[in-house]
Amino acid sequence: MLWKLLLTALLMSVGLRGTVGTDQRVARQAPDVCSADFVFLVDDSWSISSARFGLAKQFIIDFLQCFTDNEDIGIGVILYNCAPRTGIPLGMYTTTDPVLPVAVSQLMQKGGLSKIGLAIRFMADTSNFRDGVPRAAILLTDGMAQSDVNAQAMDDYEAQAEAARNAGIDLYGVVIGEPGFQDDHVLEDITGIEGRVFPSDNPCNVAYRILANLCASAGGKSYLTTYSAILVIHLTDVISAGAGCLYNGITIPVGEEYKPDDCTWCTCPAAGEDPVCAVQDCAPPPCADPVKIAGQCCRVCDPPPGCLYNGAIIPVGVEYRAPDSCTWCNCDADGAEAICASVGCGGSSGCQNYVRYAGQCCPVCAPCCYGCRHGDGIVPSGASFKPNPCSSCSCRGGGMGCGGRGCAPPPCDNPVTLPGECCPICPDAGCQHADGIILAGEEYKVDDCSGCSCSAAGQRPSCYSAGCASPPCDAQVQVAGQCCPVCQAEAPEGCPYGGIIIPLHTVYKPDDCTECNCYAAGVAPACVAIFCPPTPCPDPVKIAGRCCRICREIVPIGDNGPI
C-alpha cells in the first residue's frame, strides 16, 4: 500500500509543475469549451433609420469576432416591428461559421410600429435554446415602445421581459437609436439588472463584460438565476463552475456528499442554494480514555492497531485522506509513524478566477476565465479589443499588450472628431476613411470583400464585409473582383497575377494607382502605373478609391460648391 501511495505522490509532483494541481491538469486535458445561446432582437421599425439598422447589423458582425475558437456560441437573430419574425434561426450557425456574417449583412429592414414585448415573447416561445446551456437575448433598439395618443404603452414589454428572465433567459440591451431619440429607461426595465444596457460603439466590451459575469458567478451563484445567460464550462471529470452550493469557499456539486470533517455531512440540493448539513451525535463511550480513529466521528474504547496521526489512530493497512483532500497517510505497522504525502498546487498567471470543489485538493480555473483582466471585464486569451478609438490591445499568455496609432492633420481648418473615431475629419467634404475621404453619397470598395459608403458629409462611413463558404472542391482559385474563391474547374479564362486570376479582357486595379489588363489567357497581364502630376497646393486631399491627390479647393461636395 505504501509504494502505491509514494508512486501516486511522485506522479502528482511531476504532473503539477507549471500547472494548477491535479485538478487543473485534468481540466486542461479536456476540451476548454464555453457554451451559450444568444438571440439578437433587432428593431427594424420606422423609428430606426436605415443607417442605424446597418449599425445594428455591423454590431452583431463585430460581436461575433470577439470570441475565440474556445467558445461554442449559438447565434440567432429575430427582427421585429409590430410583428416579430425570425431572421436567422438559433442553432443554424455558431460564431465560427464563415457564412454567418454574410447572413447577418443580408438582413432587410421592413419598417412599421414597434412592439418590444411581443418580440420578447416570440423569442422565448420560438427560439431553439439548447438544454442545459445558458441563454441570453440582446435587444438592439432605441427603446421607443409603441404608445397611444395618451402616451400610454401599448405593449406589455415589462411583463414579457420578467417572464423571459424567470424562464432563465438573461436580457441585455444595446442602444442603436439616434442621439436624443432613444429611451434607455425602457431597456433598463427590460434587462432588470443594473449595468446590462450598453452603447453600440464597442461590441467586444459587451462580450467581455459577459465573460466577467461568468467568472463572478463561479463563486457559487446559479447560472439559471443571477448569471444564467452567459456561458457554461464543460470539463471532463470536473464539475462546471458554479453548478453547486458554496460552503466555506468550497463548491459542493449538486447531488454529491461532502464531509468537511469526520462528524459533518453536507449535500447540495440545487445549484445556488445553501448546502444541507447534518452533524453526527456520539454517545459517551463507556471508558475513561476513548481513542479517535482517523476518518471516524465517534471515539472508541478498543482502538485497532495503527499509527498515531494528529491525535488520531490510522489503522494498519488503511489509507487515510485528510479532510483538506491534499494529504494521504498510510500505516505499515502498529506503533509505527504514519507515512504521509501531500499534493502542492501551483498557479497560473493567466487565470482570473479559481474555483475549489469539494473532494478536490487544488482549485481549478474555468476555461472561460483564462485571459487578462481589463477594468471590470476579462479579455480571453488570444483575443484583441480597442480600449479607445486610437489604440488596440491583445491578451497573450496572461499579459496585456497595447499599441496606438497616429493621425495625419486633416486638410481643413475646422476638423471634428466623431464619437468612436480616432482621427479628426473635415466636416464639409465627406466621410473620413483610412484610405482617404469617401465623398458624400458615394460608395467606396475597400477590397473584393468589403466596402463603405458615406451617407452625409462629416459622418462615420457605413461599412460592410462579406464572408465566404468554402467551395466544394480541393483545387480552389481566387478570381479578381470576386470576394469568394471558386473551384478551379469553374474559374474563367484569364491572366495569373499575384495568386489570383484576372478574367480575360478585364481591367483590374490591385491598388488605386495600378491598372492591369488581361489581353490573353494564360499569360501575365499588362499592368501600368497611373501617373499623378504635382498638385499646386501644399496640403492635397486623398479621395478613397482614387490615385491622385487633389487640392482642397476642388474637392466636390455636391451643390454647395468646393471646400
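It should be noted that the structure appears before, not after, this text.
Residues numbered from 1 in each chain as written. Predicted model: local features only at pLDDT ≥ 70, side-chain atom pairs only at ≥ 80, totals over all residues. Heavy atoms only, no water.

Helix and strand counts for the protein chain come out as 8 helices and 36 strands. Buried positions account for 44% of the 563 residues belonging to the protein chain. The long-range fraction of contacts in the protein chain, counting pairs at least 24 apart against all pairs at least 6 apart in sequence, stands at 53%. Total accessible area on the protein chain stands at roughly 27100 Å², and carbon and sulfur atoms take up 53% of it. (Helix = DSSP H or I, 4+ residues; strand = E, 2+ residues; numbered from the N terminus. Buried < 20%, exposed > 50% of the residue type's maximum accessible area, 1.4 Å probe, protein only. Contact = heavy atoms within 4.5 Å. Areas by Shrake-Rupley, 256 points an atom, 1.4 Å probe, with all protein chains shown as cover.)

Bringing the nonpolar core into the picture now. Core analysis: the biggest nonpolar cluster contains 40 residues, and Phe 40, Val 42, Phe 63, Val 77, Ile 88, Ile 138 and Leu 140 have the highest contact counts within it. With 7 residues, helix 3 (residues 50-64) is the single largest residue contributor to this core. Core analysis: the second largest hydrophobic core is formed by 21 residues, Tyr 80, Leu 90, Leu 171 and Val 175 among them. (Core = buried A, V, L, I, M, F, W, Y, C linked by side-chain atoms within 4.5 Å.)

Both strand 27 (residues 443-447) and strand 28 (residues 450-453) contribute to a ladder of 4 bridges, which runs antiparallel. Pairing of Asp 447 across the sheet is with Ser 450, part of strand 28. Taking the residues that link successive antiparallel strands as the turn, the strand 27-strand 28 hairpin has 2 residues. The pairing of strand 28 with strand 29 (residues 462-465) spans 4 bridges and is classified as antiparallel. Among the inter-strand pairings, Cys 452 is bridged to a residue of strand 29, identified as Cys 463. (Pairing = 2+ DSSP bridges.)

A few words on a negative patch on the surface. A surface patch of like charges, here negative, comprises Glu 158, Asp 184, Glu 188, Asp 189 and Glu 194. Sort the elements by how many residues they give to the negative patch and helix 7 (residues 184-191) lands first, with 3 residues. Within the secondary structure layout, Glu 194 lies in the loop between helix 7 and strand 6 (197-199). (Patch = residues over 30% accessible without salt bridge, like charges linked within 9 Å, V, L, I, M, F, W, Y side chains within 5 Å. Salt bridge = Lys/Arg side-chain N within 4 Å of Asp/Glu carboxyl O. Lys, Arg positive; Asp, Glu negative; His and termini not counted. Charge placed at Lys NZ, Arg CZ, Asp CG, Glu CD.)

So, about the sheet that holds strand 30 (residues 476-479). Pairing between the strands of a sheet comes from backbone hydrogen bonds, and it takes one of two forms, parallel or antiparallel. Spatially, the 4 strands line up as an open sheet ordered 31-30-33-32, and their pairing is mixed. Of all strands in the sheet, those bounded by a partner on one side alone are strand 31 (486-487) and strand 32 (494-497). As paired strands, strand 30 and strand 31 are joined by 2 bridges and run antiparallel to one another. Paired with Val 477 across the strands is Val 486, a residue of strand 31.

This paragraph deals with the sheet that holds strand 16 (residues 327-330). Strand order in this open sheet of 3 strands is 15-16-17, and the pairing throughout is antiparallel. Looking along the sheet, the strands with just one partner apiece sit at the ends: strand 15 (319-321) and strand 17 (339-342). Looking at each pair of strands side by side, their axes are set apart by 20 degrees on average, direction ignored. (Axes fitted to C-alpha atoms, helices over the stretch in contact; angles between N-to-C directions.)

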